[in-house]
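Notes for the structure review
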Amino acid sequence: MTRRLGSGSLVIATHNAGKLKEISALLEPHGMKCLSAGSLGLPEPEETGTTFVENALIKARASAEASGIVSLADDSGMSVAALDGRPGVYTADWAERQHFEGAPGRDWYMAMGKVEGMLAEKGPDAPRDAWFSCVLAIAWPDGDSAVYEGRVDGSLTWPPRGTLGFGYDPVFVPAGREQTFAELDPAEKHAMSHRADAFAKLVAEQFG
Ligand SMILES: O=P(O)(O)OP(=O)(O)OP(=O)(O)OC[C@H]1O[C@@H](n2cnc3c(O)ncnc32)[C@H](O)[C@@H]1O
Ligand SMILES: [Mg+2]
């Protein structure tokens, strides 16, 4: 049987403010006290894995070892079918770090443009099917771990639309909807996203 979290403190092992907000909101109803890797000053490990599962475990384990507290990490990304699933596990890498002063984040507009440019090279009729994947990994300080995988299907749109959410949300339209994730109310995104899908599995096993 999989080990359970119980109640108490948990470190959200991410350095992405958008994810931190979504994960805290999803965990709050379950009575967990969420600490962030940033507020604890934990280092950001190198994501050397070639799968979402490997990277999620690298991040969760690094945090659990450094903090001594059970930790939850998220590795996620967007895949485009016509690009053989790219950028996928390399989604964050495609948004190069901005190095000029005052902009420590990543350039998402450039990254979204790169994906669209590659798809445009396939011709105007290239299918625009895309999906978001999310793997949530829990790591206990003694080395135990659990992983949960989620996915949401949709399509890539261009130009980007909407200001809500984060990352690639402005170019992703979930199946059955017309708005992008960045135009939908955050509560609606939370109800259908790849992260929500993985979370539903986590909640069923950990808190069910
Ligand atoms: O590794 P951490 O510190 O958690 O933060 P990160 O931003 O580097 O995250 P990942 O390595 O998992 O890279 C996944 C990228 O995929 C994108 N992504 C994941 N979930 C997304 C979502 O719900 N909406 C839009 N983009 C998303 C987002 O831009 C992420 O930065
Ligand atoms: Mg990362």
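Look up a bit, the structure's there.
The notes below deal with the structure included here. (Residues numbered from 1 in each chain as written. Chains lettered and ligands numbered in written order. Predicted model: local features only at pLDDT ≥ 70, side-chain atom pairs only at ≥ 80, totals over all residues.)

1. What about the sheet that holds strand β2 (residues 32-36)?
Pairing within the open sheet is mixed, and its 6 strands lie in the order β2-β1-β3-β4-β5-β6. Two strands bound the open sheet, and with one partner strand each, they are β2 and β6 (172-174). Within this sheet the neighbouring strands show an average axis-to-axis angle of 35°, counted without direction. Here 11 bridges tie strand β4 (residues 129-139) to strand β5 (residues 145-156), and the two strands are oriented antiparallel to one another. Residue pairing across strands places Leu136 opposite Tyr148, the latter belonging to β5. Against the sheet, helix α2 (residues 52-67) makes contact with β1 (8-12), β3 (71-80), β4 and β5, and its axis sits at roughly 155° relative to β3, the strand it touches most. Along the sheet face, helix α6 (residues 194-206) touches β3, β4 and β5 and points at about 150° away from the line of β5. (Pairing = 2+ DSSP bridges. Helix = DSSP H or I, 4+ residues; strand = E, 2+ residues; numbered from the N terminus. Axes fitted to C-alpha atoms, helices over the stretch in contact; angles between N-to-C directions. Contact = placed C-beta atoms within 7 Å.)

2. A look at the environment of Gln206
Tracing the backbone shows Gln206 in helix α6. Separated by 192 residues in sequence, Gln206 and Thr14 have C-alpha atoms that sit 20 Å apart. If near-sequence neighbours (up to four positions away) are discounted, Gln206 is found in contact with Arg4 and Leu5.

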